[in-house]
Amino acid sequence: DHLEAAGHVCLLKDACDLESSSEIARLIEAENLEAALALHLYRGGRLLRGHGIPFGIIFGGTDLNEDVNHREKNEVMGKVLEEARFAVAFTESMKETAQTQWPHARGKIYVQSQGVVTVPNAAFSWDTFLRRSGINQSADNLHIFLLVCGLRQVKDPLYLVDVFSEWHREEPNVYLVIAGPEVDPVFTREVKARVKRTAGVRLLGEMPQEDLHAALKNCFAVVNSSMSEGMSAAILEAMDLEVPVLARNIPGNAAVVKHEVTGLLFSDPQEFAQLAKRLVRDPALEKEIVANGREYVRCYHSWQAERRAYQHLVRTLEGGVGE
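Computed from a predicted structure; not experimentally measured.

The subject of this paragraph is the packing of helix α12 (residues 269-281) against helix α13 (residues 283-300). Axes are the key here: two packed helices are described by the angle between their axes and the distance separating the axes. Where α12 meets α13, the closest approach of the two axes is 5 Å, and the angle between their N-to-C directions is 100 degrees. By the criterion of interaxial angle, the relationship of α12 to α13 is roughly perpendicular. On the side of α12, the interface is formed by Arg278, Leu279 and Arg281, while α13 contributes Pro283, Leu285, Glu286 and Ile289. Here the residues of the contact of α12 with α13 sort into four nonpolar, no polar and three charged.

The next thing to look at is helix α10 (residues 233-240). Counting buried positions over the eight residues of α10 gives seven, a clear majority of the element. Inspection of α10 places Ala234, Ile235, Leu236, Glu237, Ala238, Met239 and Asp240 among the buried residues, and these make up the whole buried set. Of the surrounding elements, those touching the buried residues of α10 are β5 (143-148), α9 (209-218), β8 (221-224), β9 (245-248), α11 (251-254) and α13. Its side-chain oxygen at 3.4 Å from the backbone nitrogen of Ala234, Ser232 defines the N-terminal cap of α10. Just past α10, the residue Glu242 takes up positive phi, approximately 65 degrees.

Further remarks concern the sheet that holds strand β3 (residues 86-89). Taken in spatial order, the four strands line up as β1-β2-β3-β4 in an open sheet, and their pairing is parallel. With one partner strand each, in any of the chains shown, β1 (36-39) and β4 (109-111) form the two edges of the open sheet. The sheet shows a mean angle of 25 degrees between the axes of neighbouring strands, taken without regard to direction. Contacts between helix α5 (residues 92-101) and the sheet are confined to β3 and β4, with β4 contributing the most and set at about 170 degrees to the helix.

Here we come to the side chain of Ser165. Note that Ser165 resides in helix α7 (residues 161-170). For Ser165, a relative accessible area of 5% translates into the label buried. Excluding residues that lie within four positions of it along the chain, Ser165 makes contacts with Thr198 and Ala199.

Where α10 contacts α13, the two axes come as close as 7 Å, and the packing angle between them is 115 degrees. Comparing their axes, α13 and α10 come out roughly perpendicular. Between α10 and α13 lies a crossing whose hand is left-handed. Here α10 contributes Leu236, Met239 and Asp240 to the contact with α13, which in turn contributes Gly293, Arg294, Tyr296 and Val297. Looking at the contact of α10 with α13 residue by residue, the classes come out as four nonpolar, one polar and two charged.

This next bit is on the pairing of β5. Taken across its six residues, β5 has five buried, putting it largely inside the fold. As judged from the six bridges shared by β5 and strand β6 (residues 174-179), these two strands associate in the parallel manner. Of the residues in β6, the one forming a bridge with Leu146 is Val177. Between the parallel pair β5 and β6, the chain is carried across by α7, and the sense of this crossover is right-handed. In terms of strand pairing, β5 meets β8 through three bridges, oriented parallel.

This part is about the pairing of β6. Of all the six residues making up β6, six are buried; the element is thus mostly covered by neighbouring parts of the structure. Neither face of β6 is open: one carries Val174, Leu176 and Ile178, the other Tyr175, Val177 and Ala179, and all of them are buried. Strand direction decides the pairing type here: β6 and strand β7 (residues 201-204), joined by four bridges, are parallel. Residue pairing in the sheet places Ile178 in a bridge with Leu203 of β7. Regarding the hand of the β-α-β motif, the stretch spanning β6, helix α8 (residues 185-196) and β7 is right-handed.

Cut-offs used in this document
Residues numbered from 1 in each chain as written. Predicted model: local features only at pLDDT ≥ 70, side-chain atom pairs only at ≥ 80, totals over all residues. Heavy atoms only, no water. Axes fitted to C-alpha atoms, helices over the stretch in contact; angles between N-to-C directions. Helix = DSSP H or I, 4+ residues; strand = E, 2+ residues; numbered from the N terminus. Parallel < 35°, antiparallel > 145°, perpendicular 65-115°, else oblique. Contact = heavy atoms within 4.5 Å. Nonpolar A, V, L, I, M, F, W, Y, C, P; charged D, E, K, R; others polar. Buried < 20%, exposed > 50% of the residue type's maximum accessible area, 1.4 Å probe, protein only. Polar contact = N/O pair within 3.5 Å; in protein donor to acceptor, adjacent residues only side chain to side chain. Pairing = 2+ DSSP bridges. Left-handed = near helix turned anticlockwise from the far one by under 90°. Right-handed = clockwise from strand over helix to strand, strands pointing away.

Written as structure tokens, this is what we have:
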């Protein structure tokens, strides 16, 4: 949206569908591409090396949190940064990590947090959502915790399943609903099998964004249990929609969630259970967290500021290599 608003024509491609350098070369030629923007320094960036078109990079999260620890991937990413005209980190700590790993890129790494805009579907039916989730209770006294993530191991969707099941047995009106696309087929089978035999936990597939925003708005709280995050869009969207957030205490989450101020951070499943129960029983805490979260997003995750930043950065890609 940001780039098209500035008059650019954009072509979206999934890096997973483009395995070889020759495929990229053919794509560049066939579509007459003049520039590129890659999300994820390794998965996206490595495909753009050596093609002679200017490009920029947006760090994803696992590139800086995990791929840096693999020597070969680290070397490839360093070479990608040599060619990139700019790289965008969502947080200062991500920028520092990148600069420590690849000092030669120090002058081209910018910090731009993710901008947030939420568009809940006005026609969304919460009762239908609950029925689809296999929850056949009155919506009035339910507490639905929503975990939004693609089904892959780094998102660790099963991290809280056991503790939630125990809680559900004590209080049958609490549920954990996991919603998101089936990214890793093998892991998805494991998640489905586990959820099927676990009381109080439900699994839904991918949802259109407007429906997802409406579901976020209706749930009691949003949960993030990832092992690694760059910056979780679901957390920021929940804050924007005035819904409390409970997030695993990892650097990417702690960069946006300040414990007991804009959300709640947990370090293990038992601490999650304590905090979640406290949130259910303490409406004043919920009210304060929600107000602070909304204000934080308004101040630091402006969609307009993000638009201005990317429109400016993409202007640096105009003109070919060496111009």
